[in-house]
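# Summary of structural features
These are the residues of each chain, in order.
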Amino acid sequence: MKKLGIAGFSTLFCLASAMPVMAQAQPSATEVACNNKARALYAKPDDMKLFDDFVNDPTCKDSMYREPAYSQLMQKLVPAMKWKEVYDLSIRYEREVPNPNAGTKKYMISSGMTAGSGLGDLDKILEMGEKILVIDPMDLNAIVFVSNSLPDKYLKLTDQAAKDKNLNRAQELAKQLLAMKRPEQLPEQTWQQSVVGPAHAVLGFVALQRLQYPEASGEYQQAVKINPKDQMSWFRDGTARVYIASAAQKPLKDLYDAVNAITVAGPERDAAIEKRDAAVKEYTEKRDAAMEPLATAAAMGGPVGSAAKTQLESLWKPPHNDTTEGMDEFIAKHKI
């Protein structure tokens, strides 16, 4: 499976959970046995046999060290990018720790969300991201991960009600991001590139699916202004503008017919010609405007570039004697 576009988005805030210091008390024999297992695990925190031996022992279910054992193991798995193990551990933690510490729970689920991204699994990202947002509706990482994943998920849906729900949620989260204040510890450039730009792209996608083409184009223009390397936004802006141009083209046949129906020169025919020419000018401008972002996307190459070039060709041929002469040079001029 290909990596998701957001897989490279690094976590903005890291939560840490540490193994508590062993308490000094007069423990029972059972407690001593459990504490010994905890000590052995603490010495080798990524040893799964020691981990399972401790956390699966029913006599240790009330040990104060049991929950920290999960976060301790997680802190070994995440840096090693063992994403399947990270996700599985996150699920185990939820299932096996009945009364979790709020901070540890958020860290464990956040790690599961990061694992979903590393695995390129939309469902895992959305599953874990939404769980985090139940705990903390303002969690920046979760909002970014979920909002950026929803458009890709939308393209896999077939049920209309599910698609509508997806778009509503994507719009809600993207608007929430744009309304948020940048955290002081986050550089402005990172904020713009990783939060604001992608939020505009998500809103563009929502508008595009709702056939709101001018609104979609406007959002995508904001996205590429922030990140000129955002190929998908260039392509989708071009797509939105193709629809805008198509709408402007529809009246042209009737306008030409209206001129041809008036065979006598005079004010009536002049008015019809003026109306037709104005509409042709409007269509031509909108068609040419659609070519610009498509050429930029095409210049970036790859599968998206190929799709953009195909769309561009359909616009290019009619005014160029049904040939692609000059199109490659036009694309080259839009390379960034």
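Our structure is the block above this text.
Let me begin by describing the structure that accompanies this report. (Residues numbered from 1 in each chain as written. Predicted model: local features only at pLDDT ≥ 70, side-chain atom pairs only at ≥ 80, totals over all residues. Heavy atoms only, no water.)

### Quick notes on the pattern of salt bridges
Overall, the coordinates contain 24 salt bridges when judged by the stated rule. The shortest N-O distance in the salt bridge between R169 and E130 comes to 2.8 Å. Pair noted here: R169 is in helix α8 (residues 160-179) and E130 is in helix α6 (residues 122-135), with a separation of 39 residues, a long-range link. E130 gets classed as partly exposed once you look at its relative accessible area, which sits at 26%. Of the charged contacts in the structure, one is a salt bridge between D257 and K253, with a shortest N-O distance of 3.0 Å. You can see D257 and its partner K253 sitting in helix α12 (residues 252-261), 4 residues apart, about one turn around the helix. By relative accessible area, D257 is classed as partly exposed at 37%. By relative accessible area, which is 58% here, K253 ends up exposed. Bridged by salt links that share partners, the residues D52, R92, R95 and E96 form one connected network. (Salt bridge = Lys/Arg side-chain N within 4 Å of Asp/Glu carboxyl O. Helix = DSSP H or I, 4+ residues; strand = E, 2+ residues; numbered from the N terminus. Buried < 20%, exposed > 50% of the residue type's maximum accessible area, 1.4 Å probe, protein only.)

### Description of the environment of V259
Along the chain, V259 turns up in helix α12. Between the C-alpha atoms of V259 and I273, which are 14 residues apart in sequence, the distance is 6.0 Å. Those residues in contact with V259, other than ones at most four positions away along the chain, are R269, A272, I273 and R276. (Contact = heavy atoms within 4.5 Å.)

### A closer look at the nonpolar core
Ranked by internal contacts, the top residues of the largest apolar core, which has 61 residues, are F51, F54, Y70, L89, L140 and L177. For Y70, the residues in contact, after removing those within four places along its chain, are F51, V55, L89, R92, Y93, E96, V97 and M108. With 17 residues, the next largest nonpolar core counts W234, V242, A308 and L315 among its residues. (Core = buried A, V, L, I, M, F, W, Y, C linked by side-chain atoms within 4.5 Å.)

### Structural notes on the environment of H320
Structurally, H320 can be placed in the loop between α14 (302-316) and α15 (327-333). H320 gets classed as partly exposed once you look at its relative accessible area, which sits at 27%. Of note is the side chain of H320, whose polar atom sits 2.7 Å from the backbone oxygen of W316. (Polar contact = N/O pair within 3.5 Å; in protein donor to acceptor, adjacent residues only side chain to side chain.)

### Examining unusual backbone geometry
A positive phi angle, close to 55 degrees, is found at M81, a residue other than glycine. With respect to the helices, strands and loops of the structure, M81 is situated in the loop between α3 (66-77) and α4 (83-96). The phi dihedral of L211 is positive, around 65 degrees, even though this residue is not glycine. Along the chain, L211 turns up in the loop between α9 (188-209) and α10 (213-226).

### Some points on the state of the cysteines
With the rule as written, the count across this model stands at 1 disulfide. Paired through a disulfide, C34 and C60 show a sulfur-sulfur distance of 2.0 Å. Because the torsion about its S-S bond is -95 degrees, the bridge between C34 and C60 counts as left-handed. Taken as a pair, C34 in helix α1 (residues 29-43) and C60 in the loop between α2 (48-55) and α3 lie far apart in primary sequence, 26 residues in all. Among the residues examined, C34 registers a relative accessible area of 4% and is labelled buried. The class of C60 is buried, set by a relative accessible area of 0%. (Disulfide = S-S within 2.5 Å.)

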